[in-house]
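Structure at a glance
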Amino acid sequence: MNHYEVHILDFDQDLYWKNIEVKVCFYLRKEIAFSSISYLVSQIKKDIELVKKRFNLYVLK
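Residues numbered from 1 in each chain as written. Predicted model: local features only at pLDDT ≥ 70, side-chain atom pairs only at ≥ 80, totals over all residues. Heavy atoms only, no water.

A positive phi angle, close to 70°, is found at Trp17, a residue other than glycine. As for its placement among the helices and strands, Trp17 is situated in the segment before α1 (37-55). Given the relative accessible area of 88%, Trp17 is considered exposed. Even without being a glycine, Asn56 presents a positive backbone phi close to 50°. Structurally, Asn56 can be placed in the segment after α1. Using a relative accessible area of 64% as the deciding quantity, one classes Asn56 as exposed. (Helix = DSSP H or I, 4+ residues; strand = E, 2+ residues; numbered from the N terminus. Buried < 20%, exposed > 50% of the residue type's maximum accessible area, 1.4 Å probe, protein only.)

In structure tokens, the structure reads:
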């Protein structure tokens, strides 16, 4: 069994110690070691933008 780190967009509930089923749609990027929290946060923001573009998840205001 593989283990993945999953970021669920616009979700703020606690899922620790819960089993969930996730469908992997595409490979985002390989694992990276970050030299600082700010680089990690920056990369997460880039990852989120990429996913939103890929699935056309922008909400019109």
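Of the volumes computed, that of the largest pocket is approximately 1200 Å³. A breakdown of the residues in the lining of the largest pocket according to their chemical character gives 17 nonpolar, two polar and seven charged. The volume enclosed by the second largest pocket comes to roughly 710 Å³. As for the second largest pocket, its lining consists of 20 residues, of which Tyr4, Val6, Leu15, Lys18 and Ile20 are closest to the centre. (1 Å grid on protein atoms, 1.4 Å probe; cavity = no way out; pocket = protein on both sides within 12 Å on 5 of 7 lines; lining within 4 Å. Points joined across faces, edges and corners; volume = space filled by probe spheres on them. Nonpolar A, V, L, I, M, F, W, Y, C, P; charged D, E, K, R; others polar.)

That's the geometry; what it means functionally is another story.
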